[in-house]
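Secondary and tertiary structure notes
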Amino acid sequence: MSEEKKIYDKGKVLTGLILFVVILAFPFLYNSGKAAPAPDRILTEKAKAAKECIEPKAFMKSEHMQILNDWRGSVVRDGKRIYVSSSDKEFDMSLSNTCLDCHSNKADFCDKCHNYASVNPYCWDCHIDKPKENK
Amino acid sequence: MNVKYMFSLIAVIVLFLLAYVGVEAAGLQILFGIVIPYVALLVFVIGFINRVIGWARSPVPFRIPSTCGQQKSLPWIKSEELDNPHTTMGVIARMFLEIVFFRSLFRNTKATLSDGPKISFNLEKWLWLGALAFHWSFLTVIVRHLRFFAEPVPFWVQLLEKVDGFFQIGVPGIFISGIVLLAAVFYLFLRRVIIPQVNYISLSQDFFPLFLIFGIAFSGILMRHFAKVDVTGAKELAMGLVSFHPIIPPGIGVIFYVHIFFVSVLLAYFPFSKLMHLGGIFMSPTRNLPGNTRAVRHINPWNYPVHTHTYEEYEEEFRGKMIEAGLPVEKE
Ligand code: HEM
């Protein structure tokens, strides 16, 4: 048949397709073209003086939660509290006393970065996040 | 060994190697992290719309009542409002329940022949359960992934993360949906291998999406819990894509590129595959039309008015010849 092929139920089909495109476009519309780089990580004076973290920066970026998990296991289960880093430095395996000693600006350092990636560690239910006040 | 699934499995392994070698050895981060995802998204959207418009061009002249209940007829005969709706509202309700709870899969039965010979139909709920687990966890994972594509992250995404990470097992904590997704695709795969009848009708294009989605879920879980990647960098890349300021943060980790390459392939493959049932469910005449053939006259749109040639017209046309041939005619 040589009849031109019409679209049946055009209104309904197009509504559906527009809905489909709008849902897909949500991330594009939501951010409205604003670039959103990760927040700057502000280092404290103490951290700056130390120059480097307990492990190389790239490793810390992706593995710091793993390190903390290993520390926790080591301290709580085996009672071993000394961590020897790959550059042969010794650290006390402690969330509040080691990490937050250098990174005492938790809100500006850990939290900002976590908010960006939407991670919300529950560690602070128990661990104190301002060790200085404690001392 | 079965050619059909080996073919699909090998295809997915080749895709993995492409991304792995492409990023690790050839340094093609821009290709795998920016170009391919954009192209895949375009193919997905345009291909999807094209398929749906194609379906919308096919006329559906009649109601196709593949229904599971009494159609609305006389007022004193009870009709089945959900299984054989005769109003638009009823159709919407049926469609909604179909999409959200897969009611038609719930009806799945298994026929067994026992001595007698006697045939019996047993309820078979595993497919329904597996399909529900699969689709719901897939949706949950996708919604949770919005944390990479939105800044600030909307509260409902964080709420879903809280619920999904309820068990707080490990650091970072496991997400139930990720594991259910992996388990469900694996079940759907096993089903196609183990049940002989299902195996017989399974083609490589049934296995390919299963392997691909398995690969996506597997690589995702791998980078969350085992082969760590720089998640902050991953978000920067994703945000770059959706804000049209694409960037490649250095050192994300190759598994991430494998993950998004798999996703890109899935998107680009989608419009050409059976996965189009996502759009197709809405376009199914057996589901989206009210069963109202007793109440409404449906006219075939492509050959109306119907061309008839009645006997009177026929005799009118051939009367002379009929008389010549000695055939009886009604009017002289
Ligand atoms: C079909 C779409 C996708 C599916 C089914 C999927 C599936 C998964 C799964 C199951 C995980 C494990 C962790 C979890 O359950 O959240 C995961 C993690 C991940 N996915 Fe996807 N993914 C998809 C698309 C993407 C895309 C487009 C990106 C690009 C940014 C992405 C980036 C990531 C990252 C960075 C992780 C690691 C998260 C972490 O370590 O916390 N995924 N994915």
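Residues numbered from 1 in each chain as written. Chains lettered and ligands numbered in written order. Predicted model: local features only at pLDDT ≥ 70, side-chain atom pairs only at ≥ 80, totals over all residues. Heavy atoms only, no water.

**Let's talk about helix 1 (residues 3-24) of chain B**
Residue and element names in this part refer to chain B. As a reminder, the rule being used: Helix numbers and strand numbers start at the N terminus; a helix is a DSSP run of H or I with at least 4 residues, a strand a run of E with at least 2. By this rule the span expected of a helix is its residue count minus one, scaled by 1.5 Å. For each residue, the accessible area found with a 1.4 Å probe, counting protein chains only, is set against the maximum for its type, and the residue is called buried under 20%, exposed over 50%, and partly exposed in between. The arc under discussion is defined with respect to the helix axis, by the directions toward the C-beta atoms. In what follows, residue pairs with any heavy atoms lying within 4.5 Å of each other are defined as contacts.
Between the first and last C-alpha of helix 1 there are 31 Å, a value that for 22 residues agrees with the 32 Å anticipated at 1.5 Å per step. The complete set of buried residues in helix 1 reads Tyr5, Ser8, Val12, Leu15, Ala19, Gly22 and Val23. Taken end-on, helix 1 shows its buried residues confined to a sector of 135°, consistent with a single buried face. Along helix 1, the residues that are exposed and aim more than 90 degrees away from the buried face are Val3, Phe7 and Glu24. Residues of helix 1 that are buried in the fold lie against helix 2 (29-56), helix 7 (176-194), helix 9 (204-226) and helix 11 (254-269).

**What to know about the pairing of strand 2 (residues 118-123) of chain B**
Residues and elements named next belong to chain B. Definition in use: Two strands are said to pair when DSSP picks up at least two bridges between them.
For strand 2, the tally of buried residues reaches only zero of six residues, placing the bulk of the element at the surface. Two strands pair when backbone bridges link them, and strand 1 (residues 109-114) and strand 2 are joined in this way by six bridges, in the antiparallel orientation. Residue pairing in the sheet places lysine 110 in a bridge with asparagine 122 of strand 2.

**Some thoughts on the coordination of the iron atom of the ligand**
All names here are of chain B. Filter applied, for reference: Here the coordinating atoms are restricted to nitrogen, oxygen and sulfur within 2.8 Å of the metal centre, or 3.2 Å for Na, K and Ca, and because water is not among them the sites may look incomplete.
For the iron atom of the ligand, the full set of protein donor atoms is His145 (NE2) and His259 (NE2), at a range of 2.0 Å. On the accessibility criterion, histidine 145 (28% relative accessible area) is partly exposed. Overall, the relative accessible area of 9% leaves histidine 259 in the buried class.

**What to know about the packing of helix 6 (residues 107-117) of chain A against helix 10 (residues 231-242) of chain B**
Rule in force here: In this analysis an axis means a line fitted to C-alpha atoms, helices contributing only their contacting stretch, and an angle means the value between N-to-C directions, from 0 to 180 degrees. Convention used here: angles under 35 degrees read as roughly parallel, angles over 145 as roughly antiparallel, angles from 65 to 115 as roughly perpendicular, and any remaining angle as oblique. Definitions for this section: a left-handed crossing has its near helix turned counterclockwise from the far helix by less than a right angle. A right-handed crossing has that turn clockwise. Three categories are distinguished: nonpolar for Ala, Val, Leu, Ile, Met, Phe, Trp, Tyr, Cys and Pro, charged for Asp, Glu, Lys and Arg, and polar for the others, with Gly belonging to the last.
Interaxial distance between helix 6 of chain A and helix 10 of chain B falls to 9 Å at its minimum, and their mutual angle equals 50°. When the axis of helix 6 of chain A is compared with that of helix 10 of chain B, the two are oblique. As helix 6 of chain A packs across helix 10 of chain B, the resulting crossing turns out to be left-handed. Across the interface between the two elements, Cys113(A), Tyr116(A) and Ala117(A) of helix 6 of chain A pack against Val231(B), Thr232(B), Lys235(B), Glu236(B) and Met239(B) of helix 10 of chain B. Looking at the contact of helix 6 of chain A with helix 10 of chain B residue by residue, the class counts come to five nonpolar, one polar and two charged.

**As for the site of the ligand**
All names here are of chain B. Rules: One heavy atom suffices: a residue is near a molecule or strand as soon as one of its heavy atoms comes within 4 Å of it. A 3.5 Å cut-off defines polar contacts: any pair of N or O atoms within that distance qualifies, except that in protein one atom must be a possible hydrogen donor and the other a possible acceptor, and neighbouring residues in sequence count only when both atoms are side-chain atoms.
If you check the shell around the ligand, you find 22 residues, and the closest are Arg144, His145, Arg147, Arg224 and His259. One nitrogen or oxygen atom from the side chain of arginine 224 is found 2.5 Å from an oxygen atom belonging to the ligand. Histidine 259 has a polar side-chain atom sitting 2.8 Å from a nitrogen atom of the ligand. Going through the elements one at a time, helix 5 (126-144), helix 9, helix 10 and helix 11 are the ones with two or more residues in the shell around the ligand. The dominant element in the shell around the ligand, judged by the number of residues it contributes, is helix 9, at six residues. Among the residues forming the shell around the ligand, the class breakdown is 15 nonpolar, four polar and three charged.

This is a description of form; function is not addressed.
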